Amino acid sequence: ITEWIELHFSDSAAVGYFFTPASQQDLIHRKKDWFDNAMPAGNSALVRAHAHLYHLTGAPQHAEAFGKLTYAYPGLVRAAPAAAGHALAACVENAIGIATLKVAKKEALHTVQQAITNRRYRTTYLLHDPSIPGDYQLCIGTECTSPDDSLETVLARL
């Protein structure tokens with residue numbers, strides 16, 4: 001989806017994405033929406049999408065798109081900080097590190113999910129990965145801890 005967005009909505013001359021596709025010919029002006037309201041602006045949603053996609057895939061194009069988009073926000077934040085709440089939240093998530101908790105046994109996923117919901121909020125992906133040598137492994141950002149057999153030990157690191 002992000003590749004399609006890049007192809008049809010990106011601004012080749014400046015940072016950001018337009019609200020309408022390049023193929024729409026009958027426009028006087030193509031608008032770029034930066035201000036978050038009750039719904040996040042498209043550019044703010046893409047800040048978060050690229051941060052999470054980079055975390056999940058390691059694909060450099062997502063890190064590059066995240067960097068370009070965040071470059072456009074400092075002026076907006078100084079002028080109207082409440083207008084960029086979604087983008088700022090995505091930047092904070094990325095800065096503290098998005099977490100992935102790998103679980104070796106598929107039947108343990110529900111137990112882990114329940115344990116996570118009883119803790120303070122942090123974006124955490126659960127991933128069934130039978131190849132890890134222990135029962136659990138926590139990765140934050142691009143760094144992974146040693147595998148562990150204790151869920152409590154791993155959750156304490158979260």
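Thresholds, definitions, all that
Residues numbered from 1 in each chain as written. Predicted model: local features only at pLDDT ≥ 70, side-chain atom pairs only at ≥ 80, totals over all residues. Heavy atoms only, no water. Helix = DSSP H or I, 4+ residues; strand = E, 2+ residues; numbered from the N terminus. Buried < 20%, exposed > 50% of the residue type's maximum accessible area, 1.4 Å probe, protein only. Areas by Shrake-Rupley, 256 points an atom, 1.4 Å probe, with all protein chains shown as cover. Lys, Arg positive; Asp, Glu negative; His and termini not counted. Charge placed at Lys NZ, Arg CZ, Asp CG, Glu CD. Polar contact = N/O pair within 3.5 Å; in protein donor to acceptor, adjacent residues only side chain to side chain.

**Side note on the overall build of the chain**
Each helix and strand counted, the chain has 7 helices and 4 strands in total. Starting at the N terminus, the α and β elements of the chain follow one another as α-α-α-α-α-β-α-β-β-β-α. Taken over the C-alpha atoms alone, the chain extends approximately 60 × 30 × 25 Å along its principal axes. Buried positions account for 37% of the 158 residues belonging to the chain. Accessible surface, the chain: about 9600 Å² in total, of which carbon and sulfur atoms supply 58%. Charge-centre separation for the chain: the mean point of 13 positive side chains lies 4 Å from the mean point of 15 negative side chains.

**Looking at the environment of Ser150**
In this fold, Ser150 is placed in the loop between strand S4 (143–144) and helix H7 (151–157). Ser150 sits in the partly exposed class, given a relative accessible area of 26%. In sequence terms Ser150 and Asp135 are 15 residues apart; their C-alpha atoms lie 7.4 Å from each other. Within the structure, the side chain of Ser150 is placed 3.0 Å from the side chain of Thr153, a separation counted as a polar contact.

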